[in-house]
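Working through the structure, step by step
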Amino acid sequence: MARIELTDKFIKARKVKARTDVTDAKETGLSIRFYPSGQKTFAFRLRGPDGRPQSANIGHYGNISLADARLAAAELRRRLKAGENITAAAQKAAAAEAAALHAEIPTLQAIVLEYEKIRCQKRKTWMPTANGKPSEARRRIERVFQPHLSTQITEIGLEDLAHTMTTYVPRSGQGTANGQVSRARSYLMTMFDWAAHRNQSNKVGLGRCGKLDVVDVRQTYDPSIDDHSITGRRDRALDHLELARVLPLLVWPAPEALGLKTHPKHDLRAVALRFLLLTAARRSELVNMKWAHFRENSGIWHKPYVKTISGPPRLQNLPLSDAAINLLRGLPNFETRKSDDLVFPNAEGGGLDNWQRITGAVHSASDTSDWHRHDLRRTAATIMKLLGVSPR
């Protein structure tokens, strides 16, 4: 087991292909386990006074901070030295948690946690994020349906859900919340079907272990249907005049005209936007792209996970254009690349972030507006259609 003084920077950036344990050199007994899915879990492991190893889970990174994990490990070590059987106590607590989770009438929060554990290996929307935060689906449900989280799930009625959805206000307090509500409703609907053994979960073995009499969320109104302000289905594509102003800025080193705080030689966000345009890729695919995924000899971008309209993510081998290949060869980390290195890292070696700032900077420097990263993907598809090439 590797031993290192853990830091938030190290934990957030670490990605593994197989389950990996790392011991904290600062707090005796504390370790963290990294999973290929991106989940990161703190644990306490130490030999007791009798020489026997004892252990206890502390919690998922994101739900618990590194500082709090160290405090928890210190307390467990104190109890261990005092003669307490830490393993037995942890097993008893886990059994109590499992009993509460599978109670006859669990709360909405308990069902969300239960469903996330089951679906996180199959659906990307239910996987914890790379920096240890809860899954996209869980965060959406918890945010929109927060008033019902502590309510027993069978006590939640259609009127309750409908009222919550129509009165929900986004955190920003600006614009419509209907798009957020619609997505949370969709996640909740699938989860309720699973709990009730309904629709796609009606076959034996697919539904929850312990069927629950819960409402059919499909009977509630989707507020996004008649909301024409929602931009989920955009048709925005940059025209040739806009591209003529934008493209000169999407290079490395990042042009000084963008006014970015990061040194131009260390900022790959501008050239990353160009790569999105050249490949019609999604932002998440680019952020997670490693050099091992670039098959230079065959000119292929091997994508281990590609989002699908329905079903689990699939892999894809995307042929790259000469322009895309030359862009990759011109990156500053190309000559020193290692298979596990990110192709487009930030200045600290982690995944690229702060996309809103780079997009805004390009807007300002190019005198263009009303487009975002995903519109580059749509622009690429539009150009391919004009050239008689199928975007598929």
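Below or above, wherever it landed, is the structure these notes cover. (Residues numbered from 1 in each chain as written. Predicted model: local features only at pLDDT ≥ 70, side-chain atom pairs only at ≥ 80, totals over all residues. Heavy atoms only, no water.)

Another point: the nonpolar core. F275, L320, L328, L331, F344, W355 and V362 are the most contacted members of the largest nonpolar core, which totals 42 residues. Mapped by element, the contributors of at least two residues to this core are helix 8 (240-246), helix 9 (269-279), helix 10 (283-287), helix 11 (322-329), helix 12 (355-366) and helix 13 (373-386). It is helix 9 that provides the largest number of residues to this core, a total of seven residues. Counting 29 residues, the second-largest nonpolar core is a separate cluster that includes W126, L161, Y168 and F192. (Core = buried A, V, L, I, M, F, W, Y, C linked by side-chain atoms within 4.5 Å. Buried < 20%, exposed > 50% of the residue type's maximum accessible area, 1.4 Å probe, protein only. Helix = DSSP H or I, 4+ residues; strand = E, 2+ residues; numbered from the N terminus.)

With that out of the way, let us pick up the packing of helix 9 against helix 13. At a minimum axis distance of 7 Å, the contact between helix 9 and helix 13 shows a crossing angle of 35°. Regarding helix 9 and helix 13, the two cross each other, and that crossing is right-handed. Across the interface between the two elements, L273, L276 and L277 of helix 9 pack against R373, L376, T379 and A380 of helix 13. (Axes fitted to C-alpha atoms, helices over the stretch in contact; angles between N-to-C directions. Left-handed = near helix turned anticlockwise from the far one by under 90°. Contact = heavy atoms within 4.5 Å.)

Moving on to the packing of aromatic side chains. Summed over all chains, the structure comprises eight aromatic pairs. Plain terms: the ring middles of F42 and Y61 are 5.9 Å apart, the flat faces sit at 75° to each other, and that makes the pair edge-to-face. Here F42 is found in strand 4 (residues 40-47), whereas its partner Y61 is found in the loop between strand 5 (53-60) and helix 2 (66-81), with 19 residues between them in sequence. As far as the burial class goes, F42 and Y61 line up, both buried. Relative to W194, the ring of Y115 lies with its centre 4.9 Å away and its plane at 50°, an arrangement referred to as tilted. Of this pair, Y115 sits in helix 4 (residues 108-119) while W194 is found in helix 7 (residues 178-196), placing the two residues 79 residues apart along the sequence. By the ring-pair criterion, three or more aromatic residues cluster together here, those being Y115, W126 and W194. Positioned above the aromatic ring of W301, the side-chain terminus of K303 is 4.4 Å from the ring centre. The ring of W291 carries the charged tip of R337 above its face, separated from the ring centre by 5.9 Å. (Phe/Tyr/Trp six-rings, centres within 6.5 Å; stacked < 30°, edge-to-face > 60°. Lys NZ or Arg CZ within 6 Å of the ring centre and 35° of its normal.)

The next thing to look at is the pattern of salt bridges. For the structure on display, the rule yields 22 salt bridges. In this structure, R140 and E136 form a salt bridge, with 2.9 Å as the shortest nitrogen-oxygen distance. Of this pair, R140 and E136 both sit in helix 5 (residues 136-144), four residues apart, which is roughly one turn of that helix. Taking relative accessible area as the criterion, R140 reaches 21% and is therefore assigned partly exposed. R218 is the salt-bridge partner of D193, the closest N and O atoms lying 2.4 Å from each other. Taken together, the residues D193 in helix 7 and R218 in the loop between helix 7 and helix 8 connect sequence positions 25 residues apart. The class of D193 is buried, set by a relative accessible area of 4%. The class for R218 is partly exposed, based on a relative accessible area of 40%. Bridged by salt links that share partners, the residues D193, R198, D216 and R218 form one connected network. (Salt bridge = Lys/Arg side-chain N within 4 Å of Asp/Glu carboxyl O.)

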